[in-house]
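Descriptive structure summary
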Amino acid sequence: MIRLEHVSFEYESGCPVLDDLSFEIQEGEAVGLVGANGAGKSTLLRAMLGLLPCAGITVDDLPVVRENLSRIRKKLGYVLQNSDNQMFMPTVFEDIIFGPVNYGLSRQEAAQKAGEVMEQLGIQHLKDRYNHKISGGEKRMAAIGAVLSMDPEALLLDEPCSALDPCNRRRVIDLLNSLPVTKLVASHDLDMILDTCSRVILLSEGKVKADGPAYEILGSRKLMEDNHLELPLGWQSRGRTGNC
Ligand SMILES: Nc1ncnc2c1ncn2[C@@H]1O[C@H](COP(=O)(O)OP(=O)(O)O)[C@@H](O)[C@H]1O
Ligand SMILES: [Mg+2]
């Protein structure tokens, strides 16, 4: 569904942030994107959305170029790393219905969709709260709701569980696992990646350092430690020591 062919990008000339990346994500795959701070994870997600000028990416065979962006963004639901940049309507409810109304649903249909999503996420109590008066974790849940209400074909999630309490984190994990859509999840929460993704791509300095089954990559103590990461806690508590 998402294909990268020799994708490179630099914010400042001479400093490549994405460095000749080539890989494919098939429809229905759930892929974790991991790597140290500054490895290029958020940049890669932004490039897939067409938010950065960068050649070589296609989504459902549509090149990510200006004339295809509205079609591509309808397919891809994007949860930003910083929810303050995502929520722009006054209340949570208005934000969650904004997408569906924009895509042609009546206000009543959009309200019904928003109700379903808020119930799935357990955030009905936030419905009429002002976005600028809720906590970071509440805002993150609302931002996830705003994306899910648009029924995207694929989810690009940038640190979806950061700021979430354990109960909300678990709710998001269970919800992600119940959705049969394509997922690309950038996170340092490697237990969450292990719970939601069957494949992991490890980025290092804008290059793919490893790409393979989640249990294999996340279970390699050497790969993890070489990249500022740790074996997932669940892995450690199961008494595994890593396969390095
Ligand atoms: N808007 C920007 N302008 C210049 N450099 C940036 C910008 N955004 C990110 N970078 C740099 O690009 C690199 C990759 O950043 P990012 O994709 O955010 O990494 P990650 O999400 O893996 O932590 C980092 O070195 C970061 O400092
Ligand atoms: Mg990031």
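Figured I'd write up the structure that's included with this text. (Residues numbered from 1 in each chain as written. Chains lettered and ligands numbered in written order. Predicted model: local features only at pLDDT ≥ 70, side-chain atom pairs only at ≥ 80, totals over all residues. Heavy atoms only, no water.)

**What to know about the sheet that holds strand β5 (residues 62-63)**
Selection rule: Two strands are counted as paired when DSSP detects at least two bridges linking them. Each helix is a run of H or I in the DSSP string that is no shorter than four residues. Each strand is a run of E no shorter than two, and both are numbered from the N terminus. Working rule for contacts: check all heavy atoms of both residues, and any pair within 4.5 Å makes them a contact. Angles shown run from 0 to 180 degrees and are taken between the N-to-C directions of axes, each axis being a line fitted to C-alpha atoms and, for helices, limited to the stretch in contact.
Pairing is antiparallel in the open sheet, where 4 strands are placed in the order β2-β1-β4-β5. At either end of the open sheet lies a strand with only one pairing partner, and these are β2 (15-25) and β5. Looking at chain direction, strand β4 (residues 57-59) and β5 are connected through 2 bridges and run antiparallel. Paired with Thr58 across the strands is Pro63, a residue of β5. Its contacts with the sheet place helix α1 (residues 41-48) against β1 (2-12), β2 and β4, and it is angled at close to 60° to β2.

**Regarding the coordination of the magnesium ion (ligand 2)**
Heads up, the rule is: With water excluded from the atoms, a metal site may look incomplete; its donors are any N, O or S atoms within 2.8 Å, or within 3.2 Å for Na, K and Ca. Summary of the burial criterion: residues with accessible area below 20% of their type's maximum are buried, those above 50% are exposed, and those between are partly exposed, where the area comes from a 1.4 Å probe applied to protein chains only.
On the protein side, the magnesium ion (ligand 2) has Ser42 (OG) and Gln81 (OE1) as donor atoms, found 2.1 to 2.4 Å from it. With Ser42 in helix α1 and Gln81 in the loop between β6 (76-79) and α3 (92-102), this pair connects stretches of sequence that are 39 residues apart. With relative accessibility at 15%, the residue Ser42 sits in the buried group. Owing to a relative accessible area of 42%, Gln81 belongs among the partly exposed residues under this scheme.

**Describing the site of ligand 1**
The condition that has to hold: By convention in these notes, a residue is near a molecule or strand provided one of its non-hydrogen atoms lies within 4 Å of it. Residues adjacent in sequence count toward polar contacts only when both atoms are side-chain atoms; beyond that, a polar contact is any pair of N or O atoms within 3.5 Å, and within protein one must be able to donate a hydrogen and the other to accept it. We call Asp, Glu, Lys and Arg charged. Ala, Val, Leu, Ile, Met, Phe, Trp, Tyr, Cys and Pro are nonpolar, and the rest, Gly among them, are polar.
Every residue near ligand 1 is listed here: Tyr11, Glu12, Val17, Ala36, Asn37, Gly38, Ala39, Gly40, Lys41, Ser42, Thr43 and Arg46. A distance of 2.8 Å is found between an oxygen atom of ligand 1 and a side-chain nitrogen or oxygen belonging to Lys41. At 2.9 Å from an oxygen atom of ligand 1 is found a side-chain nitrogen or oxygen belonging to Ser42. Contributing elements (two or more residues each) for the shell around ligand 1: β1 and α1. Looking at the shell around ligand 1 residue by residue, the classes come out as 4 nonpolar, 5 polar and 3 charged.

**What about the pattern of salt bridges?**
So the rule is basically this: Salt bridges are identified by distance alone: a Lys or Arg side-chain nitrogen within 4 Å of an Asp or Glu carboxyl oxygen.
Counting across every chain of the model gives 16 salt bridges. Here Asp151 and Lys113 are joined by a salt bridge, their closest N and O atoms 3.1 Å apart. Note that Asp151 is positioned in the loop between α5 (136-148) and β7 (154-158) and Lys113 in helix α4 (residues 107-121), a separation of 38 residues in sequence. When its relative accessible area of 52% is taken as the criterion, Asp151 is described as exposed.

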